[in-house]
Amino acid sequence: CKTSERKSRGGKAETRSRGAAKEKTLECGQIVWGLAFSAWPAAEDGDRDPACAVGLPCLVLATGLNDGQIKVWEVQTGHLLFSLLGHQDVVRDLSFAPNGSPILVSASRDKTLRVWDLSRDVLLPSGDTFLLSPGRQVQVLSGHVQWVYCCSISPDCSMLCSAAGEKSALLWSMRSYTLIRRLEGHQSSVVSCDFSPDSALLVTASYDACVIMWDPYTGEQLRTLRHVPLHSTLDSSSEIHTSSLRSVCFSPEGLYLATVADDRLLRIWALELRSPVAFAPMTNGLCCMYFPHGGFIATGTRDGHVQFWTAPRVLSSLKHLCRKALRTFLTTYQVLALPIPRKLKEFLTYRTF
């Protein structure tokens with residue numbers, strides 16, 4: 001694997017005059033199915049081959065490949081930090097722990113999820129000695145009977161959700177690496193999942209054209225959002241499953257959801273409403289993701305394009321900000337145990353829809 005740098009078309013002179021602008025390509029040698037970014041700890045004095053400048057954090061990119069490997073790169077330099085081996089089939093999705101810890105979860109067509117610790121200088125036993133390794137496999141999570149398509153770690157890093165083309169999603173503990181529960185309610189394959197920014201909600205999207213909103217602590221279904229085809233965009237010869245969902249994600253402030261479906265529409269949903277508040281026409285959509293600071297949505301398509309869309313912006317109410325702040329560190333059970341009025345408990349646990 002190597003990094004190839006392509007100079008701009010204007011030639012060397014123009015490149016120098018413009019600050020040596022270059023395109024950088026990471027040559028992975030395999031089809032890339034999954035991507036995940038994370039900050040990398042700053043290098044310390046004495047590191048023999050630091051990927052980052054001493055004292056400064058850097059950005060790393062994990063790539064899930066067709067042959068089951070995971071390659072982790074330092075983005076600025078294109079330096080390959082290390083490869084992770086263990087999966088027996090395509091690595092379909094990757095998720096870094098949101099709290100900045102060097103924990104990576106991978107989802108694969110080999111029907112497993114694997115948890116990796118990417119800490120520097122991990123000691124691994126080898127016979128009577130120990131060897132230094134840049135990363136190690138912490139746990140293999142087995143329980144799916146189909147290819148695992150998607151994995152998502154909750155922002156508080158306590159839970160992991162996975163979807164695998166089955167009618168149920170699996171919820172795992174990130175502390176004990178054990179199965180907490182199966183989330184059953186969809187009528188077809190679950191293909192996407194995402195946690196709200198305060199970890200209080202979990203959404204799953206399915207080929208049954210529905211998004212289900214769950215309380216991950218209790219397993220209760222709080223709301224179902226149904227994708228009804230718009231007659232203006234679909235003709236009468238459309239197939240029954242034209243609204244099959246492909247992707248769902250929360251906005252950074254937790255007030256909106258974005259969904260991509262096979263009916264050639266990107267939808268934006270307000271958390272408190274049952275109907276979309278905005279639509280955008282798109283074809284061949286497969287995935288969507290909010291810009292980390294809100295205001296924009298990126299969508300990926302089968303024909304190789306990434307499109308950017310302006311998303312609704314809203315000033316969060318004081319009520320929502322207080323709920324988000326409290327739910328960041330309180331579980332549903334802890335809220336229900338508080339000596340506060342019932343209506344306030346219902347609001348804090350998102351039961352007031």
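Residues numbered from 1 in each chain as written. Predicted model: local features only at pLDDT ≥ 70, side-chain atom pairs only at ≥ 80, totals over all residues. Heavy atoms only, no water.

Participant: Explain the overall build of the protein chain to me, using residue names and the numbers behind them.
Facilitator: Each helix and strand in the protein chain was counted, giving 4 helices and 27 strands. Residues counted as buried form 46% of the 353 residues belonging to the protein chain. Put simply, 43% of the contacts in the protein chain that link residues at least 6 apart link residues at least 24 apart. Split by element, the accessible area of the protein chain, about 18000 Å² in all, is 55% carbon and sulfur. (Helix = DSSP H or I, 4+ residues; strand = E, 2+ residues; numbered from the N terminus. Buried < 20%, exposed > 50% of the residue type's maximum accessible area, 1.4 Å probe, protein only. Contact = heavy atoms within 4.5 Å. Areas by Shrake-Rupley, 256 points an atom, 1.4 Å probe, with all protein chains shown as cover.)

Participant: Give me the lowdown on empty space enclosed by the protein, citing residues and values where you can.
Facilitator: Evaluation of the coordinates by the stated rule reveals 2 cavities of 30 Å³ or more. The calculated volume of the largest cavity comes to roughly 40 Å³. Every residue along the wall of the largest cavity is listed here: Ser-196, Pro-197, Asp-198, Leu-201, Phe-250, Glu-253, Gly-254, Leu-271, His-320, Lys-324 and Tyr-350. Here the residues of the lining of the largest cavity are counted per class, giving 5 nonpolar, 3 polar and 3 charged. (1 Å grid on protein atoms, 1.4 Å probe; cavity = no way out; pocket = protein on both sides within 12 Å on 5 of 7 lines; lining within 4 Å. Points joined across faces, edges and corners; volume = space filled by probe spheres on them. Nonpolar A, V, L, I, M, F, W, Y, C, P; charged D, E, K, R; others polar.)

Participant: Provide a residue-level description of the UniProt feature "repeat: WD" (unreviewed entry) in the protein chain, including the pertinent values.
Facilitator: Annotation from UniProt places "repeat: WD" (unreviewed entry) at residues 61–83, 84–126, 141–182, 183–224 and 238–272. Counted over residues 61–83, helix gives 0% and strand 65%. Its end C-alpha atoms are 12 Å apart. (UniProt positions renumbered as here; feature names shortened; annotations may be inferred.)

Participant: Outline the nonpolar core, supporting the account with residue identities and numerical values.
Facilitator: Among the nonpolar cores identified, the biggest contains 17 residues, and Val-105, Leu-113, Leu-141, Leu-160 and Met-174 are the most heavily contacted of them. Elements supplying a minimum of two residues to this core: strand S8 (103–108), strand S9 (112–117), strand S13 (150–153) and strand S15 (168–173). Here the element with the most residues in this core is S8; it accounts for 3 residues. Those residues in contact with Val-105 that sit more than four places away from it in its chain are Asp-93, Leu-94, Ser-95, Leu-113, Arg-114, Val-115, Cys-151, Ile-153, Leu-160 and Met-174. Within the second largest apolar cluster, 16 residues are counted, among which are Ala-205, Leu-225, Leu-245 and Val-248. (Core = buried A, V, L, I, M, F, W, Y, C linked by side-chain atoms within 4.5 Å.)

Participant: Go over the pattern of salt bridges, please, and point to the residues and values.
Facilitator: Considering all chains together, one arrives at 7 salt bridges under this definition. A salt bridge links Glu-220 to Arg-351; its shortest N-O distance comes to 2.6 Å. Remark: Arg-351 occurs in the segment after helix H4 (342–348) and Glu-220 occurs in strand S20 (residues 220–226); sequence separation between them is 131 residues. For Glu-220, a relative accessible area of 38% corresponds to the partly exposed category. In this structure, Arg-246 engages Asp-262 in a salt bridge whose closest nitrogen and oxygen atoms are separated by 2.9 Å. Note that Arg-246 is positioned in strand S21 (residues 245–250) and Asp-262 in the loop between strand S22 (256–261) and strand S23 (265–270), a separation of 16 residues in sequence. For Arg-246, a relative accessible area of 22% gives the class partly exposed. (Salt bridge = Lys/Arg side-chain N within 4 Å of Asp/Glu carboxyl O.)

Participant: Please set out the UniProt feature "domain: SOCS box" (unreviewed entry) in the protein chain residue by residue, giving values where relevant.
Facilitator: What UniProt calls "domain: SOCS box" (unreviewed entry) maps, in this numbering, to residues 317–353. This span, residues 317–353, is 59% helix and 0% strand, and a straight line between its end C-alpha atoms measures 16 Å.

Participant: Any chance you could break down unusual backbone geometry for me, citing the residues and the numbers?
Facilitator: With glycine set apart, most residues show a phi of negative sign, and most peptide bonds adopt trans. Even without a glycine there, the phi angle at Ser-199 is positive, about 70 degrees. Exposure remark for Ser-199: the relative accessible area of 1% places this residue in the buried category. Phi at Tyr-350 takes a positive value of approximately 60 degrees, unusual for a residue other than glycine. With respect to the helices, strands and loops of the structure, Tyr-350 is situated in the segment after H4.

Participant: Pulling in residues and values, what's your account of the pairing of S15?
Facilitator: By the criterion of burial, S15 is predominantly enclosed, with 6 of the 6 residues buried. The alternating pattern of S15 places Ser-168, Leu-170 and Trp-172 and Ala-169, Leu-171 and Ser-173 on opposite faces, both of which are buried. In terms of strand pairing, strand S14 (residues 159–163) meets S15 through 4 bridges, oriented antiparallel. Note that in S15 the partner of Leu-160 across the bridge is Trp-172. In this antiparallel pair of consecutive strands, S14 and S15, the connection spans 4 residues, and Gly-165 shows a positive phi of 65 degrees. Relative to strand S16 (residues 179–184), S15 runs antiparallel, the two sharing 5 bridges. Pairing of Ser-168 across the sheet is with Glu-184, part of S16. (Pairing = 2+ DSSP bridges.)

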